[in-house]
Amino acid sequence: MSKIDFYHVNYENLVINLEPSMNQNHPFRQDTYFGLTVDVLGAGKNCGLRMARGPLPTCRPSHIAIRGEQSTESHMARRKLVYEGKAKILYEGPEPGTLVQYFKDDATAFNAEKKDIVEGKGVLNNRLSEFFMTGLNTLGIPTHFIKSLNMREQLIRAVEIVPLEVIVRNYAAGTMSKRLGIEEGTALPRPIVEFCLKDDSLGDPLVSEEHIIAFNWASQQDLDDMLALALRVNDFLSGVMYGVGIRVADFKIEIGRVYEGDYQRLIIADEISPDSCRLWDLKTGEKFDKDVFRRDLGSLTDAYAEVARRLGVLPENPVPIGKPTLIN
Ligand code: 5GP
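Student: So what about the sheet that holds strand S7 (residues 81-84)? Which residues, and what values?
Tutor: Sheet architecture is open: 5 strands sit in the order S7-S8-S9-S13-S12, paired in antiparallel fashion. Single-partner strands in this sheet number two, and they are S7 and strand S12 (145-148). On average, adjacent strands in this sheet sit at an angle of 25 degrees to one another, irrespective of strand direction. Here 3 bridges tie S7 to strand S8 (residues 88-92), and the two strands are oriented antiparallel to one another. Residue pairing for S8: Tyr83 is matched across the bridge by Leu90.

Student: Talk me through the packing of helix H2 (residues 121-138) against helix H5 (residues 220-243); I want residue IDs and the actual numbers.
Tutor: In contact at an axis separation of 11 Å, H2 and H5 are set at 120 degrees when each is read in the N-to-C sense. Taken together, the axis directions place H2 and H5 in an arrangement best described as oblique. Seen along the crossing, H2 lies across H5 with a hand that is right-handed. Across the interface between the two elements, Phe131, Phe132, Gly135 and Leu136 from H2 touch Val233, Phe236, Leu237, Val240 and Met241 from H5. Each residue belonging to the contact of H2 with H5 can be placed in one class, and the counts come to 8 nonpolar, 1 polar and no charged.

Student: Could you give an account of the side chain of Gln101, naming the residues involved and the relevant values?
Tutor: Examined against the element boundaries, Gln101 turns out to sit in strand S9 (residues 98-103). From its side chain, Gln101 meets the backbone oxygen of Asp270 in a polar contact 3.1 Å long. Dropping the residues within four chain positions of it, Gln101 is found in contact with Lys88, Ile89, Leu90, His144, Arg152, Glu153, Gln154, Ile156 and Asp270.

Student: So what's going on with the site of the ligand? Which residues, and what values?
Tutor: Within the structure, the ligand sits among 15 residues, and Arg169, Thr175, Asp250, Arg278 and Arg294 are positioned closest to it. Contact distances for the ligand include 3.0 Å between an oxygen atom and a side-chain N or O atom of Glu165. A distance of 3.2 Å separates a nitrogen atom of the ligand from a polar atom in the backbone of Asp275. Expressed as a share of its isolated accessible area of 490 Å², the protein-covered part of the ligand is 81%. Listed by contribution, the elements that provide at least two residues to the shell around the ligand are strand S14 (160-171), helix H3 (174-180), strand S17 (246-260) and strand S19 (277-281). In terms of residue class, the shell around the ligand is made up of 4 nonpolar, 3 polar and 8 charged.

Student: Please set out the pairing of S14 residue by residue, giving values where relevant.
Tutor: When you tally the buried positions in S14, you get 9 out of 12 residues, the bulk of the element. Sheet analysis places S14 next to S17, joined by 7 bridges and oriented antiparallel. Each residue of the ladder has a partner; that of Ile167, found in S17, is Lys252. Across 7 bridges, the pairing between S14 and strand S15 (residues 187-197) is antiparallel. Paired with Val168 across the bridge in S15 is Val193.

Student: Before we move on, could you go through H5 and cite the residues and values that matter?
Tutor: Its 24 residues place the ends of H5 35 Å apart at the C-alpha level, agreeing with the 34 Å of an ideal helix rising 1.5 Å per residue. Taken as a whole, H5 has its buried residues at Asp222, Leu223, Met226, Leu229, Ala230, Val233, Asn234, Phe236, Leu237 and Met241. Just downstream of H5, Gly245 is the residue with a positive phi angle, here 75 degrees.

Student: Which residues make up the packing of aromatic side chains, and what values do they have?
Tutor: Given two aromatic rings, one states the distance between the centres and the angle between the planes to describe the pair. Scanning the entire structure with this criterion turns up 3 aromatic pairs. Here Phe215 and Trp217 contribute two aromatic rings whose centre-to-centre distance is 5.2 Å and whose plane-to-plane angle is 40 degrees, an arrangement assigned as tilted. For Phe215, a relative accessible area of 52% puts it in the exposed group. When the ring centre of Phe293 is taken as reference, the NZ or CZ atom of Lys114 above it lies at 4.9 Å.

Student: Report on a negative patch on the surface, specifying residues and quantitative values.
Tutor: Together, Glu209, Glu210, Asp224 and Asp225 line one region of the surface with negative charge. Going through the elements one at a time, helix H4 (209-214) and H5 are the ones with two or more residues in the negative patch.

Student: Before we move on, could you go through the nonpolar core and cite the residues and values that matter?
Tutor: With 50 residues, the main nonpolar core has Met226 and Ile272 as its most contacted residues. For this core, the leading source of residues is H5, giving 8 residues. Excluding anything up to four places from it in sequence, Ile272 contacts Leu128, Ser129, Phe132, Met133, Leu136, Val233, Leu237, Ile253 and Cys277. In this structure, Ile89, Val100, Tyr102 and Leu155 belong to the second largest nonpolar core, which totals 5 residues.

Student: Which residues make up the environment of Lys86, and what are the values?
Tutor: One can find Lys86 in the loop between S7 and S8. Excluding its chain neighbours within four sequence positions, the residues that come into contact with Lys86 are Lys104, Asp106, Thr108, Asn111, Ala112 and Asp200. Separated by 3.2 Å, the side chains of Lys86 and Asp200 make a polar contact.

Student: An account of unusual backbone geometry is needed here, citing residue identities and associated values.
Tutor: In the Ramachandran plot, Asp204 falls in the positive-phi region, its phi being about 45 degrees despite a non-glycine side chain. Tracing the chain through its elements places Asp204 in the loop between S15 and strand S16 (206-207). Despite not being glycine, Asp296 shows a phi value in the positive range, around 50 degrees.

Parameters at a glance
- Residues numbered from 1 in each chain as written.
- Predicted model: local features only at pLDDT ≥ 70, side-chain atom pairs only at ≥ 80, totals over all residues.
- Heavy atoms only, no water.
- Pairing = 2+ DSSP bridges.
- Helix = DSSP H or I, 4+ residues; strand = E, 2+ residues; numbered from the N terminus.
- Axes fitted to C-alpha atoms, helices over the stretch in contact; angles between N-to-C directions.
- Parallel < 35°, antiparallel > 145°, perpendicular 65-115°, else oblique.
- Left-handed = near helix turned anticlockwise from the far one by under 90°.
- Contact = heavy atoms within 4.5 Å.
- Nonpolar A, V, L, I, M, F, W, Y, C, P; charged D, E, K, R; others polar.
- Polar contact = N/O pair within 3.5 Å; in protein donor to acceptor, adjacent residues only side chain to side chain.
- Near = heavy atom within 4 Å.
- Areas by Shrake-Rupley, 256 points an atom, 1.4 Å probe, with all protein chains shown as cover.
- Buried < 20%, exposed > 50% of the residue type's maximum accessible area, 1.4 Å probe, protein only.
- Expected span 1.5 Å × (residues − 1).
- Phe/Tyr/Trp six-rings, centres within 6.5 Å; stacked < 30°, edge-to-face > 60°.
- Lys NZ or Arg CZ within 6 Å of the ring centre and 35° of its normal.
- Patch = residues over 30% accessible without salt bridge, like charges linked within 9 Å, V, L, I, M, F, W, Y side chains within 5 Å.
- Salt bridge = Lys/Arg side-chain N within 4 Å of Asp/Glu carboxyl O.
- Lys, Arg positive; Asp, Glu negative; His and termini not counted.
- Charge placed at Lys NZ, Arg CZ, Asp CG, Glu CD.
- Core = buried A, V, L, I, M, F, W, Y, C linked by side-chain atoms within 4.5 Å.

See the structure below:
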(Lines give C-alpha, C1' and ligand atoms only; values in the text may rest on other atoms or scores of the structure.)
Protein backbone atom coordinates (compact mmCIF):
# COMPACT_ATOMS: atom_id res chain seq x y z
CA MET A 1 0.00 0.00 0.00
CA SER A 2 1.30 3.45 -0.84
CA LYS A 3 2.53 5.28 2.16
CA ILE A 4 2.32 9.02 2.30
CA ASP A 5 5.26 10.71 3.91
CA PHE A 6 5.40 14.40 4.45
CA TYR A 7 8.76 16.01 4.89
CA HIS A 8 8.91 19.37 6.53
CA VAL A 9 11.74 21.75 5.85
CA ASN A 10 11.88 24.99 7.74
CA TYR A 11 13.87 27.91 6.53
CA GLU A 12 13.39 30.99 8.68
CA ASN A 13 9.62 31.47 8.71
CA LEU A 14 9.05 29.63 5.46
CA VAL A 15 7.45 26.23 5.81
CA ILE A 16 7.62 23.81 2.93
CA ASN A 17 5.86 20.49 3.08
CA LEU A 18 7.28 17.98 0.66
CA GLU A 19 5.22 15.05 -0.44
CA PRO A 20 7.42 12.71 -2.41
CA SER A 21 5.04 10.11 -3.76
CA MET A 22 2.36 12.13 -5.47
CA ASN A 23 1.76 14.78 -8.08
CA GLN A 24 4.04 13.08 -10.55
CA ASN A 25 1.92 13.77 -13.63
CA HIS A 26 1.87 17.54 -13.66
CA PRO A 27 3.35 19.40 -16.57
CA PHE A 28 5.95 21.43 -14.77
CA ARG A 29 9.69 21.25 -14.99
CA GLN A 30 11.50 19.84 -11.99
CA ASP A 31 14.66 21.26 -10.58
CA THR A 32 16.77 21.03 -7.49
CA TYR A 33 17.03 23.70 -4.83
CA PHE A 34 18.59 23.11 -1.45
CA GLY A 35 19.08 19.50 -2.49
CA LEU A 36 15.31 19.07 -2.82
CA THR A 37 13.33 18.22 -5.90
CA VAL A 38 11.01 21.10 -6.69
CA ASP A 39 8.60 22.03 -9.41
CA VAL A 40 9.39 25.24 -11.24
CA LEU A 41 6.07 26.78 -12.08
CA GLY A 42 7.11 30.03 -13.71
CA ALA A 43 7.70 33.43 -12.27
CA GLY A 44 5.81 36.23 -10.58
CA LYS A 45 2.08 36.24 -11.03
CA ASN A 46 2.19 33.26 -13.37
CA CYS A 47 3.71 30.95 -10.87
CA GLY A 48 1.41 28.29 -9.51
CA LEU A 49 2.48 28.24 -5.91
CA ARG A 50 4.39 31.25 -4.76
CA MET A 51 6.36 31.24 -1.59
CA ALA A 52 4.90 33.94 0.49
CA ARG A 53 7.26 34.57 3.33
CA GLY A 54 10.88 34.53 4.23
CA PRO A 55 13.81 35.76 2.15
CA LEU A 56 15.68 33.01 0.36
CA PRO A 57 19.26 33.94 -0.37
CA THR A 58 19.97 31.24 -2.92
CA CYS A 59 17.01 31.69 -5.25
CA ARG A 60 14.18 34.07 -5.87
CA PRO A 61 11.15 32.81 -3.99
CA SER A 62 8.69 33.85 -6.64
CA HIS A 63 10.40 31.55 -9.11
CA ILE A 64 9.94 28.23 -7.47
CA ALA A 65 7.34 26.12 -5.89
CA ILE A 66 8.04 23.09 -3.85
CA ARG A 67 6.63 19.81 -4.99
CA GLY A 68 3.92 19.72 -2.41
CA GLU A 69 2.17 22.41 -0.60
CA GLN A 70 2.42 25.35 1.67
CA SER A 71 0.93 25.61 5.08
CA THR A 72 -2.65 26.77 5.33
CA GLU A 73 -1.41 29.63 7.45
CA SER A 74 0.72 31.08 4.68
CA HIS A 75 -2.13 30.66 2.17
CA MET A 76 -4.40 32.63 4.40
CA ALA A 77 -1.90 35.42 4.73
CA ARG A 78 -1.79 35.90 0.96
CA ARG A 79 -5.27 35.40 -0.37
CA LYS A 80 -8.76 36.52 0.28
CA LEU A 81 -10.54 33.85 2.24
CA VAL A 82 -14.14 33.49 1.10
CA TYR A 83 -15.32 30.64 3.32
CA GLU A 84 -13.82 28.11 5.71
CA GLY A 85 -15.67 24.86 6.32
CA LYS A 86 -14.82 21.73 8.30
CA ALA A 87 -12.72 20.08 5.59
CA LYS A 88 -12.11 22.77 2.99
CA ILE A 89 -11.31 26.44 2.53
CA LEU A 90 -12.47 28.59 -0.36
CA TYR A 91 -10.31 31.48 -1.55
CA GLU A 92 -11.05 34.09 -4.15
CA GLY A 93 -10.03 32.76 -7.57
CA PRO A 94 -7.90 34.44 -10.22
CA GLU A 95 -10.89 35.31 -12.46
CA PRO A 96 -14.36 36.56 -11.56
CA GLY A 97 -16.69 33.60 -11.07
CA THR A 98 -13.89 31.30 -9.92
CA LEU A 99 -12.69 30.11 -6.52
CA VAL A 100 -9.73 28.14 -5.25
CA GLN A 101 -10.83 25.16 -3.16
CA TYR A 102 -8.22 24.05 -0.60
CA PHE A 103 -8.56 20.59 1.00
CA LYS A 104 -7.61 20.49 4.69
CA ASP A 105 -6.46 17.49 6.70
CA ASP A 106 -9.17 18.04 9.31
CA ALA A 107 -11.48 15.09 9.85
CA THR A 108 -14.79 15.60 11.63
CA ALA A 109 -17.74 13.36 12.34
CA PHE A 110 -21.03 13.47 14.22
CA ASN A 111 -21.53 17.15 13.47
CA ALA A 112 -17.93 17.94 14.50
CA GLU A 113 -18.27 16.28 17.94
CA LYS A 114 -15.38 14.02 16.89
CA LYS A 115 -12.37 15.80 15.40
CA ASP A 116 -8.83 14.99 14.36
CA ILE A 117 -6.12 15.97 11.93
CA VAL A 118 -5.38 13.16 9.51
CA GLU A 119 -2.17 14.00 7.70
CA GLY A 120 -2.50 13.53 3.96
CA LYS A 121 -6.30 13.32 3.85
CA GLY A 122 -6.63 16.66 2.07
CA VAL A 123 -4.16 15.63 -0.61
CA LEU A 124 -6.02 12.38 -1.24
CA ASN A 125 -9.45 14.00 -1.30
CA ASN A 126 -8.23 16.70 -3.67
CA ARG A 127 -6.94 14.07 -6.11
CA LEU A 128 -9.97 11.81 -5.76
CA SER A 129 -12.48 14.62 -6.12
CA GLU A 130 -10.58 15.82 -9.19
CA PHE A 131 -10.73 12.29 -10.61
CA PHE A 132 -14.49 11.93 -10.11
CA MET A 133 -15.39 15.46 -11.19
CA THR A 134 -13.25 15.19 -14.33
CA GLY A 135 -14.97 11.91 -15.20
CA LEU A 136 -18.39 13.51 -14.73
CA ASN A 137 -17.44 16.56 -16.82
CA THR A 138 -16.25 14.25 -19.59
CA LEU A 139 -19.61 12.49 -19.60
CA GLY A 140 -21.44 15.81 -19.87
CA ILE A 141 -22.58 15.80 -16.24
CA PRO A 142 -21.68 19.37 -15.28
CA THR A 143 -19.54 20.03 -12.21
CA HIS A 144 -17.82 23.03 -10.66
CA PHE A 145 -14.35 21.55 -11.29
CA ILE A 146 -12.16 23.56 -13.70
CA LYS A 147 -8.61 22.34 -13.11
CA SER A 148 -6.18 21.07 -10.57
CA LEU A 149 -3.76 23.66 -9.19
CA ASN A 150 -1.58 21.62 -6.88
CA MET A 151 -1.78 18.80 -4.40
CA ARG A 152 -4.32 20.45 -2.17
CA GLU A 153 -6.03 22.97 -4.38
CA GLN A 154 -8.29 23.04 -7.36
CA LEU A 155 -9.80 25.85 -9.37
CA ILE A 156 -13.60 25.70 -9.34
CA ARG A 157 -16.56 27.70 -10.61
CA ALA A 158 -18.18 29.85 -7.99
CA VAL A 159 -21.76 28.67 -7.46
CA GLU A 160 -24.69 29.50 -5.25
CA ILE A 161 -24.99 26.37 -3.14
CA VAL A 162 -28.51 24.90 -2.91
CA PRO A 163 -29.03 24.50 0.86
CA LEU A 164 -29.69 20.77 0.55
CA GLU A 165 -27.53 17.68 0.81
CA VAL A 166 -28.54 15.14 -1.80
CA ILE A 167 -27.93 11.58 -0.61
CA VAL A 168 -28.12 8.55 -2.89
CA ARG A 169 -28.29 5.12 -1.29
CA ASN A 170 -27.78 1.73 -2.95
CA TYR A 171 -27.32 -0.26 0.27
CA ALA A 172 -28.73 0.43 3.72
CA ALA A 173 -26.24 2.03 6.10
CA GLY A 174 -25.79 4.91 8.51
CA THR A 175 -28.80 6.99 9.37
CA MET A 176 -31.08 5.01 7.06
CA SER A 177 -30.32 1.79 8.92
CA LYS A 178 -30.84 3.57 12.24
CA ARG A 179 -34.02 5.35 11.21
CA LEU A 180 -35.74 2.44 9.50
CA GLY A 181 -34.18 -0.52 11.31
CA ILE A 182 -32.81 -2.01 8.07
CA GLU A 183 -29.63 -3.99 8.62
CA GLU A 184 -26.50 -2.29 7.31
CA GLY A 185 -25.43 -3.85 4.01
CA THR A 186 -28.94 -4.74 2.85
CA ALA A 187 -29.27 -4.10 -0.90
CA LEU A 188 -32.05 -1.60 -1.57
CA PRO A 189 -34.65 -2.48 -4.25
CA ARG A 190 -33.54 0.57 -6.22
CA PRO A 191 -31.36 3.63 -5.59
CA ILE A 192 -33.10 5.89 -3.08
CA VAL A 193 -32.51 9.63 -3.12
CA GLU A 194 -32.93 11.65 0.06
CA PHE A 195 -32.67 15.37 0.73
CA CYS A 196 -31.33 16.85 3.96
CA LEU A 197 -31.37 20.51 4.92
CA LYS A 198 -27.83 21.86 5.21
CA ASP A 199 -27.96 23.19 8.73
CA ASP A 200 -25.31 22.07 11.22
CA SER A 201 -27.21 23.53 14.17
CA LEU A 202 -30.11 21.18 13.37
CA GLY A 203 -27.86 18.22 12.44
CA ASP A 204 -28.76 18.36 8.70
CA PRO A 205 -32.32 16.96 9.10
CA LEU A 206 -33.98 14.82 6.44
CA VAL A 207 -36.62 16.87 4.62
CA SER A 208 -39.37 15.98 2.19
CA GLU A 209 -39.99 17.43 -1.26
CA GLU A 210 -43.02 19.15 0.27
CA HIS A 211 -40.78 20.96 2.73
CA ILE A 212 -38.34 21.93 0.00
CA ILE A 213 -41.01 23.51 -2.19
CA ALA A 214 -43.00 25.04 0.66
CA PHE A 215 -39.97 26.71 2.22
CA ASN A 216 -38.55 27.69 -1.16
CA TRP A 217 -35.19 25.94 -0.74
CA ALA A 218 -35.53 24.80 -4.35
CA SER A 219 -38.22 24.79 -7.04
CA GLN A 220 -39.99 21.74 -8.45
CA GLN A 221 -37.85 22.08 -11.59
CA ASP A 222 -34.68 22.20 -9.43
CA LEU A 223 -35.83 19.08 -7.60
CA ASP A 224 -36.37 17.21 -10.86
CA ASP A 225 -32.95 18.33 -12.09
CA MET A 226 -31.27 17.42 -8.80
CA LEU A 227 -32.81 13.96 -8.83
CA ALA A 228 -31.66 13.38 -12.42
CA LEU A 229 -28.14 14.66 -11.63
CA ALA A 230 -27.88 12.53 -8.49
CA LEU A 231 -28.88 9.35 -10.33
CA ARG A 232 -26.43 10.06 -13.15
CA VAL A 233 -23.66 10.58 -10.61
CA ASN A 234 -24.69 7.31 -8.98
CA ASP A 235 -24.46 5.41 -12.29
CA PHE A 236 -21.03 6.87 -12.97
CA LEU A 237 -19.61 6.42 -9.46
CA SER A 238 -21.02 2.92 -8.98
CA GLY A 239 -19.69 1.82 -12.38
CA VAL A 240 -16.20 3.26 -11.92
CA MET A 241 -15.87 1.88 -8.40
CA TYR A 242 -17.27 -1.54 -9.33
CA GLY A 243 -14.47 -1.70 -11.90
CA VAL A 244 -11.91 -1.53 -9.08
CA GLY A 245 -13.73 -3.91 -6.76
CA ILE A 246 -15.49 -1.35 -4.61
CA ARG A 247 -19.20 -1.04 -3.85
CA VAL A 248 -20.71 2.44 -3.50
CA ALA A 249 -23.17 1.91 -0.65
CA ASP A 250 -24.21 5.55 -0.55
CA PHE A 251 -22.90 9.06 -1.08
CA LYS A 252 -23.75 12.70 -0.58
CA ILE A 253 -23.43 15.46 -3.15
CA GLU A 254 -24.05 19.15 -3.09
CA ILE A 255 -25.50 21.11 -5.96
CA GLY A 256 -24.78 24.66 -7.04
CA ARG A 257 -26.58 27.17 -9.21
CA VAL A 258 -24.73 29.00 -11.95
CA TYR A 259 -26.25 31.84 -13.90
CA GLU A 260 -25.70 32.15 -17.62
CA GLY A 261 -27.43 35.24 -18.95
CA ASP A 262 -31.10 34.96 -18.01
CA TYR A 263 -30.78 31.26 -17.34
CA GLN A 264 -29.67 29.30 -14.33
CA ARG A 265 -28.53 25.73 -14.31
CA LEU A 266 -27.54 23.27 -11.65
CA ILE A 267 -24.12 21.68 -11.47
CA ILE A 268 -22.37 19.32 -9.07
CA ALA A 269 -20.35 21.25 -6.47
CA ASP A 270 -18.37 20.74 -3.24
CA GLU A 271 -16.47 17.43 -3.45
CA ILE A 272 -16.87 13.76 -4.20
CA SER A 273 -14.44 11.80 -2.06
CA PRO A 274 -14.35 9.04 0.55
CA ASP A 275 -15.35 11.74 3.06
CA SER A 276 -18.79 11.90 1.45
CA CYS A 277 -19.30 8.30 0.27
CA ARG A 278 -19.57 4.84 1.79
CA LEU A 279 -17.18 2.60 -0.12
CA TRP A 280 -16.97 -1.12 0.67
CA ASP A 281 -14.66 -3.75 -0.78
CA LEU A 282 -16.80 -5.97 -3.01
CA LYS A 283 -15.33 -9.19 -1.64
CA THR A 284 -14.43 -8.52 1.97
CA GLY A 285 -16.73 -5.63 2.85
CA GLU A 286 -13.73 -3.67 4.19
CA LYS A 287 -14.56 0.01 4.53
CA PHE A 288 -12.56 2.63 2.61
CA ASP A 289 -14.47 5.74 3.68
CA LYS A 290 -15.02 8.12 6.58
CA ASP A 291 -16.70 5.36 8.62
CA VAL A 292 -13.09 4.21 9.31
CA PHE A 293 -12.73 7.47 11.26
CA ARG A 294 -16.29 7.59 12.63
CA ARG A 295 -16.03 4.02 13.99
CA ASP A 296 -12.26 3.87 14.79
CA LEU A 297 -11.62 1.07 12.30
CA GLY A 298 -7.97 1.85 11.53
CA SER A 299 -5.96 4.29 9.43
CA LEU A 300 -8.10 6.69 7.43
CA THR A 301 -5.20 7.64 5.14
CA ASP A 302 -4.52 3.98 4.35
CA ALA A 303 -8.20 3.51 3.47
CA TYR A 304 -8.34 6.56 1.20
CA ALA A 305 -4.94 5.74 -0.33
CA GLU A 306 -6.25 2.29 -1.21
CA VAL A 307 -9.13 3.86 -3.16
CA ALA A 308 -6.67 6.21 -4.90
CA ARG A 309 -4.28 3.36 -5.65
CA ARG A 310 -7.00 1.18 -7.17
CA LEU A 311 -8.20 4.05 -9.34
CA GLY A 312 -4.63 4.70 -10.48
CA VAL A 313 -4.45 8.20 -9.08
CA LEU A 314 -1.59 7.24 -6.78
CA PRO A 315 1.50 5.65 -8.29
CA GLU A 316 1.87 1.98 -7.27
CA ASN A 317 5.60 2.36 -6.72
CA PRO A 318 6.36 5.94 -5.83
CA VAL A 319 9.86 7.07 -6.71
CA PRO A 320 11.57 7.59 -3.36
CA ILE A 321 13.19 10.94 -2.77
CA GLY A 322 15.90 11.14 -0.14
CA LYS A 323 15.08 12.90 3.08
CA PRO A 324 15.74 16.63 2.63
CA THR A 325 18.29 18.35 4.78
CA LEU A 326 17.34 21.18 7.04
CA ILE A 327 18.76 24.44 5.85
CA ASN A 328 19.71 27.15 8.27
P1 5GP B 1 -25.82 9.12 6.62
O2 5GP B 1 -27.13 9.85 6.40
O3 5GP B 1 -26.01 7.64 6.61
O4 5GP B 1 -25.06 9.61 7.79
O5 5GP B 1 -24.91 9.47 5.37
C6 5GP B 1 -25.22 9.04 4.06
C7 5GP B 1 -24.04 9.33 3.14
O8 5GP B 1 -23.91 10.72 2.97
C9 5GP B 1 -22.71 8.85 3.69
O10 5GP B 1 -21.91 8.43 2.60
C11 5GP B 1 -22.11 10.07 4.33
O12 5GP B 1 -20.70 10.04 4.30
C13 5GP B 1 -22.66 11.18 3.46
N14 5GP B 1 -22.94 12.38 4.27
C15 5GP B 1 -24.05 12.70 4.94
N16 5GP B 1 -23.95 13.88 5.56
C17 5GP B 1 -22.71 14.34 5.28
C18 5GP B 1 -22.00 15.53 5.62
O19 5GP B 1 -22.49 16.43 6.32
N20 5GP B 1 -20.72 15.62 5.15
C21 5GP B 1 -20.16 14.65 4.38
N22 5GP B 1 -18.89 14.81 3.95
N23 5GP B 1 -20.81 13.54 4.01
C24 5GP B 1 -22.07 13.37 4.46
